[in-house]
Amino acid sequence: MATAPLSLKELSKKEILFAPGHRMCAGCGAPVIVKMVLLATDYQIVAGNATGCLEVSSCISDFTSWKIPWIHNAFENAAATVSGVEAMYRSLKKQGKIDKEIKFIAFGGDGGTYDIGFQSLSGAMERGHDMLYVCYDNGAYMNTGIQRSSATPVGADTTTCPAGDVVQGKPQQRKDVTKIMAAHGIPYVAQASPSHWQDLVKKVRKALDIKGPKFMNIIAGCNRGWRSQTNDAITLSRLAVETCYWPLFEIENGITRITVKPKEKRPLTDFLKPQGRFKHLFAPQNEQLLKSAQEQVDRYWERLLKEEACFAPASESEDTKE
């Protein structure tokens, strides 16, 4: 299928395959992401969903928001479940028992992706299953009480690494699971944000057109865990991109390309200030922590620019300009 970008007008005419009426929190970024992912393609989709916010809130007893075949599995095995279904599909197609073109997507939060589900995810990618894994990354175990995960950014105040007199939030850096997935040698890996819907839609369409295992990491605002306003998931997602906390890039067959470059790189504090989980970092005694966090973001962005330059030093695609 074509991967040309869809216009907003064209997308508005398509059926919404993730229906309203779910129990996700007001202002949650995850359902926005799911709607965008499912709107991006005309393929028939079968989805698997790890236990987490999205799963427990979108299918309650006999009621569901999913208008596609959808499988709920445990916290740790979304990738394993979907890889098994994909293998069954290939077998049935080979036997001539099915002729439909079907694509397979696994959805998981950062807890079910970076941590609990990492083994099954790594295994599915290594085995080469033709599937797309989408992580909606809200940076903690939000469904069970805002505990830290390995996706939680340094300095964030959570219930299991609270900011206090001894420790100023989470002391460790977040895991770079996007690059870890790329290290598996799979054909396509990308980071996306719901604030940049065209970029997100284009990446989903590209991923589903590529044979083999694919991974997308998408930032998902969580006003309860981030202690922010209920209407700012998209605003904060955009700030994450503009500060380069969450750079938008893709790695296709080992080649890195930054897909959105901010016209003006904003300071990291613009992303941190609206979030209560970072409030303590703005105390005078924590000035060095803010400086260190900014330096870490700067270093990652510079490395990403150098990686891209290795492959395309003399050109810049128009769609990289924000």
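Presented here is an overview of the structure given in this document. (Residues numbered from 1 in each chain as written. Predicted model: local features only at pLDDT ≥ 70, side-chain atom pairs only at ≥ 80, totals over all residues. Heavy atoms only, no water.)

## Let's talk about helix α10 (residues 233-242)
Part 1 of the reasoning: Among the ten residues in α10, seven count as buried, and that is most of the element.
Part 2 of the reasoning: Burial in α10 covers these residues: A233, L236, S237, L239, A240, V241 and E242.
Part 3 of the reasoning: Here the buried face of α10 lies against β8 (214-219), α9 (223-226), β9 (248-252), β10 (255-260) and α11 (269-272).
Part 4 of the reasoning: Of the residues flanking the end of α10, it is C244, one or two places downstream, whose phi is positive at about 70°. (Buried < 20%, exposed > 50% of the residue type's maximum accessible area, 1.4 Å probe, protein only. Helix = DSSP H or I, 4+ residues; strand = E, 2+ residues; numbered from the N terminus. Contact = heavy atoms within 4.5 Å.)

## Let's talk about the layout of surface pockets
Part 1 of the reasoning: The calculated volume of the largest pocket comes to roughly 400 Å³.
Part 2 of the reasoning: It is helix α12 (residues 287-311) that contributes the most residues to the lining of the largest pocket, six residues altogether.
Part 3 of the reasoning: Residues belonging to the lining of the largest pocket are distributed by class as follows: twelve nonpolar, three polar and four charged.
Part 4 of the reasoning: Roughly 260 Å³ of volume is contained in the second largest pocket.
Part 5 of the reasoning: If you trace the second largest pocket, you find 18 residues lining it, with C25, C53, M142, C222 and R224 closest to the centre.
Part 6 of the reasoning: When contributions to the lining of the second largest pocket are tallied by element, the ones reaching two or more residues are α3 (53-58) and α9.
Part 7 of the reasoning: Its residues assigned to classes, the lining of the second largest pocket shows nine nonpolar, seven polar and two charged. (1 Å grid on protein atoms, 1.4 Å probe; cavity = no way out; pocket = protein on both sides within 12 Å on 5 of 7 lines; lining within 4 Å. Points joined across faces, edges and corners; volume = space filled by probe spheres on them. Nonpolar A, V, L, I, M, F, W, Y, C, P; charged D, E, K, R; others polar.)

## Section: the packing of aromatic side chains
Part 1 of the reasoning: Counted under the stated rule, the structure contains eight aromatic pairs.
Part 2 of the reasoning: Between W66 and F107, the aromatic rings sit 5.7 Å apart at their centres with planes inclined by 50°, giving tilted as the arrangement. Remark: F107 occurs in strand β5 (residues 102-109) and W66 occurs in the loop between β3 (63-64) and β4 (70-73); sequence separation between them is 41 residues. Neither W66 nor F107 differs from the other in exposure class; each is buried.
Part 3 of the reasoning: Ring geometry for W226 and F271: centres 6.1 Å apart, planes at 85°, overall edge-to-face. With W226 in helix α9 and F271 in helix α11, this pair connects stretches of sequence that are 45 residues apart.
Part 4 of the reasoning: Given a relative accessible area of 2%, W226 falls into the buried group.
Part 5 of the reasoning: Members of the aromatic cluster, connected to one another through ring pairs, are F18, W66, W70 and F107.
Part 6 of the reasoning: The lysine or arginine in question, K103, covers the ring of Y43, its NZ or CZ lying 4.9 Å from the ring centre.
Part 7 of the reasoning: Sitting over the face of the ring of F118, K175 holds its NZ or CZ atom 4.8 Å from the ring centroid. (Phe/Tyr/Trp six-rings, centres within 6.5 Å; stacked < 30°, edge-to-face > 60°. Lys NZ or Arg CZ within 6 Å of the ring centre and 35° of its normal.)

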